[in-house]
Each structure stands twice: as structure tokens, then as C-alpha cells.
Amino acid sequence: MKKSLLALAALTAFAGAASAQSSVTLFGIVDAGVARISAGGTHVTGMTNSGYNSSRLGFRGVEDLGGGLSAQFWLEGQLFNDSGDGSSTGGSLDFRRRSTVSLVGNFGEIRLGRDYTPTFWNLTVYDPFGTNGIGQAMTIGAIAGSGSAAQTATAVRSNNSISYFLPGSLGGFQGQVMYAFGENTGGIKTNNYLGFRLGYAAGPISAHVAYSKTEGATDAADYKVLNFGASFDAGVVKPTLVIHQEKNGAGVKVQSIEPGILVPVGPGVIRASYARHDIKNSDNDWNKIALGYVHNVSKRTALYATYARVSNKGTQNRTVANNGLTSPNASPGGNASGVEFGVRHSF
Amino acid sequence: MKKSLLALAALTAFAGAASAQSSVTLFGIVDAGVARISAGGTHVTGMTNSGYNSSRLGFRGVEDLGGGLSAQFWLEGQLFNDSGDGSSTGGSLDFRRRSTVSLVGNFGEIRLGRDYTPTFWNLTVYDPFGTNGIGQAMTIGAIAGSGSAAQTATAVRSNNSISYFLPGSLGGFQGQVMYAFGENTGGIKTNNYLGFRLGYAAGPISAHVAYSKTEGATDAADYKVLNFGASFDAGVVKPTLVIHQEKNGAGVKVQSIEPGILVPVGPGVIRASYARHDIKNSDNDWNKIALGYVHNVSKRTALYATYARVSNKGTQNRTVANNGLTSPNASPGGNASGVEFGVRHSF
Amino acid sequence: MKKSLLALAALTAFAGAASAQSSVTLFGIVDAGVARISAGGTHVTGMTNSGYNSSRLGFRGVEDLGGGLSAQFWLEGQLFNDSGDGSSTGGSLDFRRRSTVSLVGNFGEIRLGRDYTPTFWNLTVYDPFGTNGIGQAMTIGAIAGSGSAAQTATAVRSNNSISYFLPGSLGGFQGQVMYAFGENTGGIKTNNYLGFRLGYAAGPISAHVAYSKTEGATDAADYKVLNFGASFDAGVVKPTLVIHQEKNGAGVKVQSIEPGILVPVGPGVIRASYARHDIKNSDNDWNKIALGYVHNVSKRTALYATYARVSNKGTQNRTVANNGLTSPNASPGGNASGVEFGVRHSF
């Protein structure tokens, strides 16, 4: 096996380039772990990916156009590094985590392409476990079940989107609005998306509200999300809160609340959360608790351990989520639990 | 979301590398737009990609072998950045735009792999709209309809090809010849390809002729292309011309002619073309006009707007082409039109 | 076609990065050739890839954590550059050659992810033709035929693996052990893998033994591999030896022996090998001879030529292996032969 170590850089080529202020950056994360999940009276043990942060590979760049204006691009794909696959949709590398081109200036940012929907962010930012690994409380899109194409199309990200972001210099006030085309012929609105997120982040305080509506074939089939997240960084402890409501296209509405906490301990942090998920007009609810510790070996490399337990009610049979390991369902109304140990390396 | 910005470059590793004259370059284009297409009595609006230049991601490199000789490689894949997909053939990133390794010297270049066929180039070089977006006149392979596997295999690019290119130092004279293996067992010739392109480009003048033949199962099923392109850069205006003849494996022959013009206006350029497509022994012909403007914000970033209209005759029902948006067909003998606005960023 | 040559490197971004000891390297190989294979009374001619080294594209990096400890990642995918495809499993780029994250220190290395199985290495290291092109004697996994899922899952690489490697400072003594999860529910062992490789490499001597067992649904369905490889570099000549035994899940056991030789000739090397494959309790055995020459134009670029011939016995109908060209089978008990010429460029 040849092991040439030529770095991807030509100094002379670079020096001679016209756009000296420009940069292209390769970046990524490789996160691998081992998990054991018990559910439905049985268990499974194996390797997971993305237990702390989503494994990914991406390319992004900034071109300074002068006058405070810049052009930017971002291409980012998922990695399933326990099996070497590069995609959640077909086994190979795509750029479905994000594929955008932007114009950025004092006016803010206009962004075109496939991107996260505004309502996704509160779930990952204000959950101590983000939307990764067995500890995550809110697997958006899965919360209310897969009730409609509209939900599948826009729960986390949307194709064909145009977004506007407020500039970063508004004293902590932040905002974004996204419109995405359903691309139907003849004025049919199915999958047309509109969403926004507004908030404030300065000093120890961070709080955001977000709302979105994805058109279904009928008004009753619309997919709607409304959520709120907040955190207060008191130094020795950082409490968090997510409140989330999601109505899928089949009429299932779920209301969720998740208080959480982050406690710095030397180079590490203890994470804990408790989530309640209440399906309206149903007794098939479920709760989840999660407890974990992340040890930062360096800024880029961390070791982590997580424990989580789901308590189902009625005929609900949820288990703990993960990437890379197929968990059995819990018994109806039964419990599921899991432990996960892993290493996250970013570059 | 972690946002480490480590650039892909190890200075020490680079300085210590044996081949100091070598370089590997990452390059790409992210081109996104919004288009509205009207055809068949209805319309569709949505996001497109590659409206001005094909979105792509690639890696290429040159190793100086001394004595004027170099080894080169080129790996380039398509991006469908409105949806984050990386391929036209399966949703993920492949390198089917070009995957070649070359030996280059004073004798010219020998190139092996998947590459553009010689007959493709005149269509993209001498059409003011290239082969991108709603303005392109000649969607090669689609011109005569998909009549044979031979056509599909070699209309734009071919697998399993060996090419020879004349060196660049022949006073403006240029030439290339390509042979590609059909890879059949036992001397069967189907999909065996042979094509060439010859021309001249110096000062204001550029003109090329190209011919190719891809073997069908029978002589009647051969796929043949013959075309000519020319341009004259008079400074304030650059007229262009493409003449193209294509016979697919089902015996359909189309003759096309497309005069065009490019008019520089400050940092931008106005583009216009008129194309006539004549199917032999048929009244189902069609014409196309296209008008556009490209505004170069920088060398790498451009904004563009294009209008195009197709006029069908007989029972022809063509619409304007694009990437990323599914257009309805025109009514038989009816018209189709489109507008497209976008941004092209290259890196 | 835009041809900007901006290298992927931002000097200022790099200089400002926190982890100055870190590096990320893009690497790859593009290997293309032309082969003609005769078998079964017919022949096929066409373009191959990976005739000398496997075409690939990868990203890897090292982060120095201090105290002799480092974090490393490795993402590597196959290229089928004769057709531009990026994967053996679906046409696009994945990272199924290797996707790992490691912690490396004075204690050795702990590696998680998809990686080569220990029993693969002797076949590629001690065969003068490696496991590439028409000359390779041992197409592991294909040797005993595809008898079980266990074999497919772990013959060359395994998903979900944890490996430990001895440190490099043991006076030439080397060792690795790998465990891989079958990831079955409820204690079922199918596809659970355990393997190791031990050896010595110092001065002119190199020798390794490896063993693995992949659990089948029953003990009889276990897939087991045992092999030994050695070489002695006498300067003017380097003899090699591989002894290999493989039992697939259908009970087919094959014993193989392959003496080989490498003879340096100026900037090139002559390669030759003779392999005998003996299926136990069967007369359908086969032998193979291979002869080739590699001419190193530079450290990174080589030209190669190979001739190989398979002699089948009983009803065996093996042909010579290659990537990118579909060979007919040999006639039962007949012969197959091939010639291959190509260029290998690494970066």
C-alpha cells in the first residue's frame, strides 16, 4: 500500500491565484462508538457512528468580493464510518447535509440550495445531547411519526430553499426566514415550505423561537412545527430548555418538553436531560432520561459515554435512537435503555 | 455544530515532499438559480442548478517528470446542489464528468479513462449559453431523441476511452482523436467509438470541426455526429456559429444551425442565440431563441438572467432544458418558454 | 469550461489554526490500463482500472495530542476510473476501503470502524502482484467461492470493527488483533469476527502469520482463514512466499501455495509468481502463472505490463481477474490468459 503524504497544497499555485483573500476549507468529523441497547426483552450490541457529533465530510469557501460583500459556498455530506458508507440515502457520499451558495454582506445573507430548516435548530442547539446518539430527546420528523411527504421533505432540511439571515451585528438579535419550492406543476402547493427562526444570544442568555409550515395536499395534511429553546450559561452550570410542538400530515400532534443541564467538569462536561412527549388525544406517550459525560482530550478530540432510558405508555414502543445499530422495538408500553461509549475526532 | 476552520494543508509535510513541482488542486462550481417554465398550458417554478456553468467538485493534479514530460490526473463529478445530490446517475458523488490519467509531453497528450467525446465540444464552446440552463440550444444526445444504447454511451462522454491530443504549440492548430472500447466479448463491435476534432484558435478566430461514429448492433444502428463551430472575437461583439448533424441508432437524423452573439458590457456580457432544428423526413421540427445577461461580480462569482423560448412544429413538444426542475412538455406544435435567475460561484 | 486553479489552502487560515501540529492529507491513485483476456474460446479487450495499485481517493489526518498520543482518522474510497464510478457497491464514492478513527500512543493503536481484516494482508503484501490486476494469484473471498454471508462480510474488510495494533518500536515484531460485531439481536453470533496477525519485519526478512474466524449460523457455516507470508530481500532478488488456507461457510476448503520473485532492474522491477490452488476432496483445482514488469517513471508514476495464465483442472473454469473488464469464463478444465498494459499515478 502506497502511503505518499503529499499535502493538498501548491504554494506557487496559491501565491499566483487572483483571489488572495479567498479560502477553501476541507472539514469533517469521524465519530465512532460502541453501544448496547436493551429493548423488547432482548438486546443488541455493536458499533455506532455520530454518537456525539454527526460524522461528516465537507468543503466550504469564502471569496471576499470587497465592500463587505462575500460569496460563500458549503458542501457537506454525512459519513456512516462504522460501515464506510457515505450517505443516509444510498450508501455513497452526497452533500445532503448542506449544499448552498450564498451572498453575504452588511445586509445579512441570502442562501440558496439544500439547507437545514429553521425549526430544526432549537432541537439540536438546546438539547444537551443535540440530535445525536442514544441521548437525543427529539428525533425531529420521528416525533410525530412519518405522517406525510411534507414532513419527510422538510423535517430537518429542505431542498430548493431560499433563505435570508439577519446580519450578525444586531446586538445579539438573530433571525432567519426560509422559503422552499415544492416544485409542482400548475400552482399546486404540496411541499411548499415557509419557516422562520428568531432569537437572542448575548452574554449568558440564548433563546430562540421557530415556526414552519409545509403545505400538504390539503390544509389538513399540512405539516407544522412550532418550538422554543433557551439556555442560561451560569458558568458552573448551564440549564437548557426545549418546548416543541409538531403536527404531521396525518393529524397526529405531539407536544414535548425537555429540561436539560450541562455541568463543566475540568476539561469535560456532564450532560443530563429529561423529556416528556405527549401525543394529543392518545395515551401512547413516552418519556426519556439521558445522562452522559464528554471528556475533551483536545479541542478536536473527545471521548464520551451516555446512558439513556425510554419509558413508553399505552401501546407506544419507542427505543433509544442511534446511527449504525438496528435496535429492536420496545414492548408496547415497555421500556428501552442503552449505553454508548465513543470517540469524536473533528478536522 | 462544530466549525473548525483548519485548512487542508500541512506546510511541513508539503515542504518535505519529494515532488516539489507537483500540485493537487481541489476545484468546483456551485451554481444555483430560480426558474419559471411555461409549457403545455401550465407552468412550474422552482430551484435549478447549473444554469450558467455545471455545478461540480473535482480533484486534479500535475506531476513534473522532467524533460518536458508530466503525469496528470483529473477526477470530476457533477453536483445537483438544489437537492444536495452529487450525481446524475444515482444520487451520490461519482466522477463521471471526467476520470482520467494522462502522460503529457512535447508530443502532445495521451489520456485514458472516462472523458468528453470530441463531438461534444463544439456544442458547448460555440453556443453562447454553452450546454447549461434554459438557454442552451443543443442538448446533445437529446437532439435526435434517445435512439440507441450507442448514443447514450457516447453522446457527451465515453467510458473506456484512449485519446491523443496534439501539443499546444502548433501555431493555433488543434486536434484530438478518441477511441473507446465497447468491451464486448468475441469481436462484437457494439459501442466501439471513434471520433476526432480538428481546428484552429488564434487571435480573434476560433473554428473546429468534429466527427464521431459509435458502432450499433448493425450498420443502420450506428450513432453518428458531425458538427462545426466557429467564433470571431471582434472586441465589441463576438458572433458565434454552430452547425450540427446527428443520426441516432433508430435512423432519426437531425440537422441544426445556431448563430449566436456575445456582447461585452462593462463587467458583464449579453448573450443571444437563435437555433433551428430540422428532423429529416419529418415536420416535427423546432426552433429556439435565447437572450441573457451575465454580470461578473468577480472572476469567480457571477449573477445571470436568461430568457428562452422554444417554438415547436408538427407534433413536436419540446420544452426548455434545465437541471433540477421537471418541466411539463409543450403541447404538440405549441411553444414553451422560461426565465431563469441565478448565481454561479467557482472555487 | 472554467479552469480556475485555486489550490485548496488558505495560508492565513492555516497559520491561525490552534492545532499547528495537525495535518489533513488528500491522497489517491488513478491507475488505468488496457487488457486483452482470452478464455472459453473467445476473448475481450478493453480498459481496466487498478491493474497495478487500486485506484482510490482518500482523506486522512493526524492530531498530535501531546505525550506521544495522537488522534488519527482515515477515509478512503475506491475509484473505477475507466467509467468514472466511485464505488464497487453502487456507482458512487463511498469510503468502504477504510473508514476509521484511532487513538495512537506508546501503547500501540486502537482503531474503530471499517478496516481490512488481518488475514487479508499476507495475500497482498507477499504476492508480487499484490491483489491487483490480471497477475494476482489470490482473490481472497473468491478463492473458496462465495459460500456464506460471513465470507462476504469479512473476506477483505469488515464493518463495525475494533482493532488493536502493537506499537512500531518492538524490534521488528508486529501484531494486530481485530474483533468485529455481527450486530445481531439477542446474542446470535452470525458474522461476529475475530482475527489476528503476527509477524516480524526487520532488515531483509519479513514474515507474518494470520488467522480469522467469522461465525456462521452454525459451527459448520463458520468462515475460517489461515495464512502465512514471507519475503527475503537479497538486494538483487527478492523471493516471496504465500501459503493460504480458506474454508467457506458451505464447507469448501482450499489450500493454496504461491512462490514468487521480484527482481529490481534499474528503475523497474520484474515480477513473477506461480500459484497452486487445491480444493480439498475435489479435482477441480487450478494453477496460475504470472509474469510482469513495472517501470517507475518517478516515485509516483509507473508504467506496467503483465501476462498471466490460469490452468484449470476437472470442471474448474476460472479466468484471470481484473477490475473494469468482464471476462468470459474459461471452458471447464480449460485455460485462460491475459495481457495488461497500464499507467499508475499516485498523488
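Everything below is about the structure printed above this text.
Predicted model only: the values in this text are computed from it and were never measured.

**Considerations on the overall build of chain A**
Here's step 1: Helix and strand counts for chain A come out as three helices and 17 strands.
Here's step 2: Its C-alpha atoms give chain A a radius of gyration of 21 Å, near enough to 20 Å, the size a compact globule of 347 residues would have.
Here's step 3: Projecting the C-alpha coordinates of chain A onto the three principal axes gives extents of approximately 65 × 55 × 45 Å.
Here's step 4: Considering chain A as a whole, with its 347 residues, one finds that 57% of them fall into the buried category.
Here's step 5: Here the analysis covers contacts within chain A between residues at least 6 apart in sequence; of these, 54% occur between residues at least 24 apart.
Here's step 6: Summed over all atoms, the accessible surface of chain A reaches about 12,500 Å², with 59% contributed by carbon and sulfur.
Here's step 7: When the 28 basic and 21 acidic side-chain charges of chain A are each reduced to a single mean position, those positions are 4 Å apart.

**Description of the environment of His-43 of chain C**
All names here are of chain C.
Here's step 1: Within the fold, His-43 resides in strand 2 (residues 42-49).
Here's step 2: Sequence separation between His-43 and Ser-337 is 294 residues; the distance between their C-alpha atoms is 9.4 Å.
Here's step 3: A distance of 3.4 Å separates polar atoms of two side chains, one belonging to His-43 and the other to Arg-36.

**Examining the pattern of salt bridges**
Here's step 1: Evaluation of the coordinates by the stated rule reveals 24 salt bridges over all chains.
Here's step 2: The residue Arg-96 of chain C makes a salt bridge to Asp-85 of chain A at a minimum N-O spacing of 3.4 Å. Residue Arg-96 of chain C is found in the loop between strand 4 (69-78) and strand 5 (98-105), and its partner Asp-85 of chain A is found in the loop between strand 4 (69-78) and strand 5 (98-105); the two belong to separate chains.
Here's step 3: By relative accessible area, Asp-85 of chain A is classed as partly exposed at 22%.

**Describing the pairing of strand 4 (residues 69-78) of chain B**
Residues and elements named next belong to chain B.
Here's step 1: Summarising burial for strand 4: eight of the ten residues are buried, a large majority.
Here's step 2: With ten bridges connecting them, strand 3 (residues 56-66) and strand 4 associate as antiparallel partners. Counted as the bridge partner of Leu-57 is Gly-77 from strand 4.
Here's step 3: As judged from the seven bridges shared by strand 4 and strand 5 (residues 98-105), these two strands associate in the antiparallel manner. By the bridge assignment, Gln-72 is partnered in strand 5 with Ser-102.

**Description of helix 2 (residues 118-125) of chain C**
Residues separated by three or four positions in an α-helix point in the same direction, a consequence of the helix having 3.6 residues per turn.
Residue and element names in this part refer to chain C.
Here's step 1: Most of helix 2 is tucked away, with seven of its eight residues classed as buried.
Here's step 2: Every buried residue of helix 2 is listed here: Pro-118, Thr-119, Phe-120, Trp-121, Asn-122, Leu-123 and Thr-124.
Here's step 3: Against strand 6 (108-116), strand 8 (173-180), strand 9 (193-202), strand 10 (205-214), strand 11 (223-232) and strand 12 (238-247) lie the buried residues of helix 2.

**Notes on the side chain of Glu-109 of chain A**
Residues and elements named next belong to chain A.
Here's step 1: By the element assignment, Glu-109 lies in strand 6 (residues 108-116).
Here's step 2: Within the structure, the side chain of Glu-109 is placed 2.8 Å from the side chain of Arg-111, a separation counted as a polar contact.
Here's step 3: In this structure Glu-109 touches Arg-98, Ser-102, Leu-103, Val-104, Ser-163, Tyr-164 and Phe-165, once residues within four positions along its chain are discounted.

**Thoughts on the packing of aromatic side chains**
Here's step 1: Here the structure, examined in full by the defined rule, presents 30 aromatic pairs over all chains.
Here's step 2: Where Tyr-116 of chain B meets Phe-120 of chain B, the ring centres are 5.2 Å apart and the plane angle is 20 degrees; that geometry is what we call stacked.
Here's step 3: With centroids separated by 4.7 Å and ring planes inclined at 50 degrees, the aromatic side chains of Tyr-116 of chain C and Trp-121 of chain C adopt a geometry described as tilted. As far as burial versus exposure is concerned, Tyr-116 of chain C and Trp-121 of chain C are alike and both buried.
Here's step 4: Put simply, the rings of Phe-59 and Phe-95 of chain A, Phe-59 and Phe-95 of chain B together with Phe-59 and Phe-95 of chain C touch in pairs and so form one group of aromatic residues.
Here's step 5: Against the face of Phe-27 of chain B rests Arg-60 of chain B, its NZ or CZ located 4.2 Å from the ring centre.

Conventions used here
Residues numbered from 1 in each chain as written. Chains lettered and ligands numbered in written order. Predicted model: local features only at pLDDT ≥ 70, side-chain atom pairs only at ≥ 80, totals over all residues. Heavy atoms only, no water. Helix = DSSP H or I, 4+ residues; strand = E, 2+ residues; numbered from the N terminus. Rg over C-alpha atoms; globule rule 2.2 N^0.38 Å. Buried < 20%, exposed > 50% of the residue type's maximum accessible area, 1.4 Å probe, protein only. Contact = heavy atoms within 4.5 Å. Areas by Shrake-Rupley, 256 points an atom, 1.4 Å probe, with all protein chains shown as cover. Lys, Arg positive; Asp, Glu negative; His and termini not counted. Charge placed at Lys NZ, Arg CZ, Asp CG, Glu CD. Polar contact = N/O pair within 3.5 Å; in protein donor to acceptor, adjacent residues only side chain to side chain. Salt bridge = Lys/Arg side-chain N within 4 Å of Asp/Glu carboxyl O. Pairing = 2+ DSSP bridges. Phe/Tyr/Trp six-rings, centres within 6.5 Å; stacked < 30°, edge-to-face > 60°. Lys NZ or Arg CZ within 6 Å of the ring centre and 35° of its normal.

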